[in-house]
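Results of the structural survey
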Amino acid sequence: ECGLHAGLLLRGNVSSCCDVIANDDDVMVITWDRTELMHLLEVDRNMERAMKAVMSWDIVSKLKSQRQLLASGIVPDPEEWTRKRREQTLHRYKAILRNMLAHPKYLRKRKEELTKYRDIHHIDDNQHEYALREMGWTLEEFEAGCKTGHIDEDAAEMKQYGWRWYAHEVYF
C-alpha cells in the first residue's frame, strides 16, 4: 500500500519489499495502474476515505495476527523476527522515498504526509538521512524539494506523451 494509510498518494512504480506466493489455484489477482488509482483518489475524496479505511483495517488486523503469533510461541526467535520486520519497514520507506524524489512537485506537496509515515513506522532522522544518502541526495536537497540534474519523472512523461497518457476518455 506504500503509505496510503498515511495519506501518501504515490504515483508511478513503487518497489515491493517482498514477493507473495499463493499456495492455491483459486486465486484472483487484481491490478491497476497506480497513477490512475491515485488520480481517482484525489478527485473522489469518498473513495480516498474508503481506501484509507480498508488499508487501516488491514494493517490493524495484521498487527493483531502478529501479536497473537508472537504470544503463541510459534515464532522460535522473536528478536530475529522483529529485526527482519524492521528491515522490511526500512526497505518500504526507501521505496516510498525513492518514488517521492522522482516526483519533485509531489515531494514538496506531501512532506507532511511523509513525516506522518515516518512517525507511524518509527523512522528516525538518522535512518531518513541514511536513505537519502543511499539515493544520492542530501538533507538540504530534500528540504528544498529538488536536486540539480535530477530527472523529474512527471515532466519527462509529460514531454514524451503529453496528456495522452492520462486522458483515456472524454465525456461531454
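Placed above this text is the structure.
Here's what I pulled together on the structure shown here. Predicted, not measured: the structure shown is a model, and the values here were computed from it.

1. Some thoughts on the pattern of salt bridges
- Inspection of every chain in the model, using the stated rule, returns nine salt bridges.
- The salt bridge partner of R110 is E113, with a shortest N-O separation of 3.1 Å. Comparing R110 with E113, the two get one shared label, buried.
- Note that R118 is salt-bridged to D125, the shortest N-O span being 2.7 Å.
- On the basis of relative accessibility, which here comes to 12%, the residue R118 falls in the buried class.
- Residue class for D125 comes out exposed when judged on its relative accessible area of 51%.
- Through salt bridges that share partners, R45, E48 and K52 make up one connected network.

2. What to know about the packing of helix α3 (residues 78-101) against helix α6 (residues 125-134)
- Taken N-terminus to C-terminus, the directions of α3 and α6 make an angle of 55°; their axes are 10 Å apart at the nearest point. Taken together, the axes of α3 and α6 are oblique relative to one another. When the axes of α3 and α6 are compared, the crossing they make is right-handed. On the side of α3, the interface is formed by R86, L90, Y93, K94, L97 and L101, while α6 contributes Q127, H128, Y130, A131, L132 and E134.
- A per-class count over the contact of α3 with α6 returns seven nonpolar, two polar and three charged.

The rules behind each value
Residues numbered from 1 in each chain as written. Predicted model: local features only at pLDDT ≥ 70, side-chain atom pairs only at ≥ 80, totals over all residues. Heavy atoms only, no water. Salt bridge = Lys/Arg side-chain N within 4 Å of Asp/Glu carboxyl O. Buried < 20%, exposed > 50% of the residue type's maximum accessible area, 1.4 Å probe, protein only. Axes fitted to C-alpha atoms, helices over the stretch in contact; angles between N-to-C directions. Helix = DSSP H or I, 4+ residues; strand = E, 2+ residues; numbered from the N terminus. Parallel < 35°, antiparallel > 145°, perpendicular 65-115°, else oblique. Left-handed = near helix turned anticlockwise from the far one by under 90°. Contact = heavy atoms within 4.5 Å. Nonpolar A, V, L, I, M, F, W, Y, C, P; charged D, E, K, R; others polar.

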